[in-house]
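# Descriptive structure summary
Chain by chain, the residues:
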Amino acid sequence: MDSYTEKFQSMQQFVPFLNKMIFKIQQSGDKDKEPQLVKMKSLHEILTNPAKKVRIETLLKCEEVLQKLYEKVEGVPFKNGVGSSSSSAAAYQTNINKAFNDRPQKPA
């Protein structure tokens, strides 16, 4: 396995965190956060679409940005493996699903 593939796979731990952040920004409806949302979606695309290969330097910069964002949002130091466990991913997905299902429904 080459270094790019290893780094790409190790960064998959950020996907649940990014899903959570994208969902949170979308739910806020705050138009001032649109640039942040675009950046989050771009990072998400890089991490979830293996066909969208970027330079290793770009991947490393993405990792650095995501680590800092994680620490800022979660209020705890980043540790490798955070968010990569199935229980963390399941917890994020459960919270997203619950928030989505609990939102007021628009009349059809």
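Throughout what follows, the structure given in this document is the object of discussion. Note that the structure is a prediction, hence the values are computed from the model and not measured.

## Digging into the nonpolar core
Of all hydrophobic cores here, the largest spans 22 residues; its most connected members are Met-11, Phe-14, Leu-18, Met-40, Leu-47, Leu-59 and Leu-66. Where this core is concerned, the elements lending two or more residues are helix H1 (3-10), helix H2 (15-28), helix H3 (34-48) and helix H4 (56-74). Setting aside its immediate chain neighbours within four residues, Phe-14 contacts Leu-47, Glu-63, Leu-66, Gln-67 and Phe-78.

## Looking at the side chain of Glu-63
Counting through the fold element by element, Glu-63 comes out in helix H4. When near neighbours in sequence (up to four residues on either side) are disregarded, Glu-63 contacts Lys-7, Ser-10, Met-11 and Phe-14.

## Details of the packing of aromatic side chains
For the structure shown, the criterion picks out four aromatic pairs. With centroids separated by 5.2 Å and ring planes inclined at 65 degrees, the aromatic side chains of Phe-17 and Tyr-70 adopt a geometry described as edge-to-face. Here Tyr-70 lies in helix H4 and Phe-17 lies in helix H2, a separation of 53 residues in the sequence. The pair formed by Phe-17 and Tyr-70 is uniform in burial state, with each residue classed as buried.

Conventions and cut-offs
- Residues numbered from 1 in each chain as written.
- Predicted model: local features only at pLDDT ≥ 70, side-chain atom pairs only at ≥ 80, totals over all residues.
- Heavy atoms only, no water.
- Core = buried A, V, L, I, M, F, W, Y, C linked by side-chain atoms within 4.5 Å.
- Buried < 20%, exposed > 50% of the residue type's maximum accessible area, 1.4 Å probe, protein only.
- Helix = DSSP H or I, 4+ residues; strand = E, 2+ residues; numbered from the N terminus.
- Contact = heavy atoms within 4.5 Å.
- Phe/Tyr/Trp six-rings, centres within 6.5 Å; stacked < 30°, edge-to-face > 60°.

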